[in-house]
Amino acid sequence: MAPEGGGGPLHAVVVVLLTAVVVGVPLWLVLVTSVKSQGEALLPSLALPRDGFHLVANYSTVITDGRLGAALLGSVLVVAPSVVFVLLLASMASWVLARRKGRWISVLYALGISGLILPPAVVTLVLLLRQLQLAGTVGGMVMVYVGIYMSTAIFFITGFIRTIPPELEEAARVDGAGPVRTFFTVVLPLLRPVMATATILICLYIWNDVFYAFFVVGGRLDTLPLNLFQVASAGAYLNNWHLIFAYVVLMSLPLVLVFVIAQRRIISGITGGAVK
Amino acid sequence: MSTSTQSTRTGRVRGRELPGRNRRRQQPPSQPSWFLVPAFVLLTLFFLVPSVYNFVYAFTDWSSFKSAIGFVGLRNFENVAKNGVLLTDLRTTVLYAAGVAVFQNLFGLGLALLLEADTRLNRFARTMFFIPVVMSALAVGYIFQALLKPEGALNALIGLFTGGFDYAWLADTRWTLLWVVLIHSWKWMGLAMIIYLAGLKTISGDVLEASRLDGASRWQTFRLIRFPLLAPALTFNVATALLGSMNSFDIVQATTGGGPAQKTEILNIFIYRTFGQGLFAQATTMSLVLFITIAVMAFPTIYLLRRRERVL
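Since this is a predicted model, take the numbers as computed values, not measurements.

### Re the side chain of S33(B)
Piece 1. Structurally, S33(B) can be placed in the loop between α1 (2-17) and α2 (37-57).
Piece 2. You can call S33(B) buried: its relative accessible area is 7%.
Piece 3. Among the polar contacts made by the side chain of S33(B), one reaches the side chain of R100(A) at a distance of 3.1 Å.

Given below as structure tokens:
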């Protein structure tokens, strides 16, 4: 039976109209406003700019005033180690949690995924970071993200390991490989699909995070969302729409491009993890 | 912390006791227990310890105005409850989360059903609807603030059909919470959509074929067969929508900042504002309230949804 919502001209019209209005209009507003002059952008509208395109002027203003270079560097400095640490440490732990049985392992697993449900205690986190002399540092921010997203990673990776048969690992062990070698040469390569999914989700969360960044490094490190907030708050009544949206375009571009290029794999990865 | 070291120890002891004797029947564990340690040390230190601190500092007068921290009992809870903000914000947060859980799933399921067939057009539309998921929530908030201005693009669009429309979407004390809920649902509906699409793909064609031969209408097939079989996708989507929106901040901050008249002030906005004023103990109190609210709401919801999956 052909799935519903298939071809047909009426269906095509509905899809095109819905996409154009629901997603097209907001995205068009961003693009068109980001190339308008300040005067024209005061009241953001969907019309094309009347007094010329200010693409270069707006984008270069944002890059200098919004310290885009520093923000990009800050974001990368925070995102890259966070993702590497959380995935490596979580997969090590998940291997043990998925393969061993017993009451202690169940308790540890429950503790390990508790962060999926419970919210991070953001205020006392700042106090703790001060006590550890990590407040406002890249290292502190990285460890906070690792702590916050450890549960997500453990949840996804443990679920995945349970679906792969342990024979390969046993074969490696019989061949005389130690546990560490077995993990790095046999288990870790098998985890590639779930790693891809977890990397995407965690990158997405950390790259776009502003809430935890406010508390931990706010004012002491530039990241893209923190600087967007500053650009937006700089105008007295949020009137610099041309600059805000130029920044939004620049900041969204990397992730949107990665997504559009790799969307098939990304979507199949995410869905594979959620619905068994 | 104590739990992880303890299990490390028992693991090692077990490994040492068993070699040789039980080898044929039961091999010693080949996953070293210390593999658990780094993950659990970081999780404990940067996630669990601050949560425990929450239960301590909510009962103190910790603030940026004093150097010493003193114990004050329940005074913070009394203060916040007395000025009414606590209860209002709590209600707003719960309404916000419930609203997002409803609309995000309605939109996501609707899109999944509309874009189910694997045509080129549908694949393009799916990509478009997923772009907001990839964008920052702060950016999405600013986009809608611009779009929903009284003289903004949405009113202009509606005006094309009605000959003039003037409504201050984000300044209406009665309905703004709903508009912000819809914006949050708009941002995340693409994720709900692909989870539902995956769920729809797992339904076997035979079952649908059989229902068609039995003369079931499209609506009957959906209501009696397809929707019940989407239970795992529904569990995932409702749980993530509920928990994600309880912890929301960026969209509300960028659209209304908690206004008008604090009608959209969810707990994280209050925490951010109070923390900025240096009232750390009060912010901690609210953080604890959020923690407890989420725990109280999440566990029964997930339990019920899971049980529903099993019954079907």
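Following the structure, the description resumes.
### Concerning the domain arrangement of chain A
All names here are of chain A.
Piece 1. For chain A, the assigned domains read domain 1 (28-65 + 237-276) and domain 2 (79-221).
Piece 2. Each of domain 1 and domain 2 has a C-alpha centre, and these two points are 32 Å apart.
Piece 3. Residue-level contacts link seven residues of domain 1 with seven residues of domain 2.
Piece 4. Between domain 1 and domain 2 lies a buried interface of about 680 Å² when both sides are counted; carbon and sulfur atoms form 79% of it.
Piece 5. Inspection of the region where domain 1 meets domain 2 yields zero salt bridges.
Piece 6. Our count for the contact surface shared by domain 1 and domain 2 stands at zero residue pairs in polar contact (both at pLDDT 80 or more).
Piece 7. Of the residues that constitute the side of domain 1 that touches domain 2, the class distribution is five nonpolar, two polar and no charged.

### Structural notes on the pattern of salt bridges
Piece 1. Per the counting criterion, the structure on display carries nine salt bridges over all chains.
Piece 2. For D222(A), the salt bridge is made with R67(A), and the minimal N-O distance between the two is 2.8 Å. Taken together, the residues D222(A) in the loop between α11 (211-217) and α12 (224-234) and R67(A) in the loop between α3 (55-65) and α4 (68-99) connect sequence positions 155 residues apart.
Piece 3. Beyond isolated ion pairs, a larger network of salt bridges with shared partners links D118(B), R126(B) and K201(B).

### Remarks on the packing of aromatic side chains
Piece 1. As enumerated under the stated definition, the model contains 32 aromatic pairs over all chains in all.
Piece 2. Note on Y53(B) and Y57(B): the rings are 5.5 Å apart at their centroids and 50° apart in plane angle, and the pair reads as tilted. Here the residue Y53(B) and the residue Y57(B) both occupy positions in helix α2, the gap between them amounting to four residues, near one helical turn.
Piece 3. Ring geometry for F222(B) and F227(B): centres 5.9 Å apart, planes at 45°, overall tilted.
Piece 4. For F227(B), a relative accessible area of 27% corresponds to the partly exposed category.
Piece 5. Aromatic rings pair up to connect F211(A), Y212(A), F214(A), F215(A), F229(A), Y53(B), Y57(B), W62(B), F249(B), Y272(B), F275(B) and F280(B) into one cluster.
Piece 6. Note that R162(A) overlies the ring of Y109(A), its terminal NZ or CZ placed 4.9 Å from the centroid.
Piece 7. The ring of W188(B) carries the charged tip of K187(B) above its face, separated from the ring centre by 4.0 Å.

### Remarks on the nonpolar core
Piece 1. Counting residues in hydrophobic clusters, the biggest one holds 189 residues, and the most contacted among them are F245(A) and Y142(B).
Piece 2. Ranked by residues supplied to this core, first place goes to helix α8 (residues 176-202) of chain B with 16 residues.
Piece 3. When we break this core down by domain, the ones giving at least three residues each are domain 1 (28-65 + 237-276) and domain 2 (79-221) of chain A.
Piece 4. If we skip the residues at most four places from it in the chain, F245(A) touches L29(A), V30(A), T33(A), S34(A), Y142(B), I143(B) and A146(B).

### Concerning the packing of helix α6 (residues 122-131) of chain A against α2(B)
Piece 1. It is at 8 Å that the axes of α6(A) and α2(B) come closest, and there the two elements cross at 110°. Taken together, α6(A) and α2(B) sit at an angle that is classed as roughly perpendicular. Where α6(A) crosses over α2(B), the handedness of that crossing is right-handed. Residue-level inspection shows T124(A), L125(A), L127(A), L128(A), L129(A) and Q131(A) of α6(A) in contact with α2(B), the latter providing L45(B), F46(B), V49(B), P50(B), Y53(B), N54(B) and Y57(B).
Piece 2. The residue inventory of the contact of α6(A) with α2(B), partitioned by class, reads 10 nonpolar, three polar and no charged.

### A look at the UniProt feature "transmembrane region" (unreviewed entry) in chain A
Piece 1. The residues that UniProt annotates with the feature "transmembrane region" (unreviewed entry) are residues 12-35, 68-95, 107-129, 141-161, 182-207 and 241-262 of chain A.
Piece 2. Along residues 12-35 of chain A, the helical share is 92% and the strand share 0%, with 32 Å between the first and last C-alpha atoms.

### Looking at a nonpolar patch on the surface
Piece 1. Taken together, L88(A), V180(A), F184(A) and W34(B) make up a surface patch of nonpolar side chains, about 340 Å² in accessible area.
Piece 2. You can see F184(A) is positioned in helix α9 (residues 179-190).
Piece 3. Residue classification places F184(A) among the partly exposed residues on the basis of a relative accessible area of 39%.

### Notes on the environment of T127(B)
Piece 1. Looking at the secondary structure, you find T127(B) in helix α5 (residues 120-134).
Piece 2. Residue classification places T127(B) among the buried residues on the basis of a relative accessible area of 9%.

### Details of the interface of chain A and chain B
Interfaces are often sized by the accessible area lost when the parts come together.
Piece 1. At the interface, 96 residues of chain A touch 99 residues of chain B.
Piece 2. Taking both sides of the interface into account, the surface hidden between chain A and chain B amounts to around 9,100 Å²; carbon and sulfur atoms contribute 78%.
Piece 3. The tally of links from chain A across to chain B stands at zero salt bridges.
Piece 4. Inspection of the region where chain A meets chain B yields eight residue pairs in polar contact (both at pLDDT 80 or more).
Piece 5. Among the elements that make up the side of chain A that touches chain B, the one with the highest residue count is helix α13 (residues 241-274) of chain A (16 residues).
Piece 6. Of the residues belonging to the side of chain A that touches chain B, the class tally is 74 nonpolar, 15 polar and seven charged.

What counts and how
- Residues numbered from 1 in each chain as written.
- Chains lettered and ligands numbered in written order.
- Predicted model: local features only at pLDDT ≥ 70, side-chain atom pairs only at ≥ 80, totals over all residues.
- Heavy atoms only, no water.
- Helix = DSSP H or I, 4+ residues; strand = E, 2+ residues; numbered from the N terminus.
- Buried < 20%, exposed > 50% of the residue type's maximum accessible area, 1.4 Å probe, protein only.
- Polar contact = N/O pair within 3.5 Å; in protein donor to acceptor, adjacent residues only side chain to side chain.
- Domains from an automatic or database assignment.
- Contact = heavy atoms within 4.5 Å.
- Buried area = accessible area lost by both parts, 1.4 Å probe.
- Salt bridge = Lys/Arg side-chain N within 4 Å of Asp/Glu carboxyl O.
- Nonpolar A, V, L, I, M, F, W, Y, C, P; charged D, E, K, R; others polar.
- Phe/Tyr/Trp six-rings, centres within 6.5 Å; stacked < 30°, edge-to-face > 60°.
- Lys NZ or Arg CZ within 6 Å of the ring centre and 35° of its normal.
- Core = buried A, V, L, I, M, F, W, Y, C linked by side-chain atoms within 4.5 Å.
- Axes fitted to C-alpha atoms, helices over the stretch in contact; angles between N-to-C directions.
- Parallel < 35°, antiparallel > 145°, perpendicular 65-115°, else oblique.
- Left-handed = near helix turned anticlockwise from the far one by under 90°.
- UniProt positions renumbered as here; feature names shortened; annotations may be inferred.
- Patch = residues over 30% accessible without salt bridge, like charges linked within 9 Å, V, L, I, M, F, W, Y side chains within 5 Å.
- Areas by Shrake-Rupley, 256 points an atom, 1.4 Å probe, with all protein chains shown as cover.

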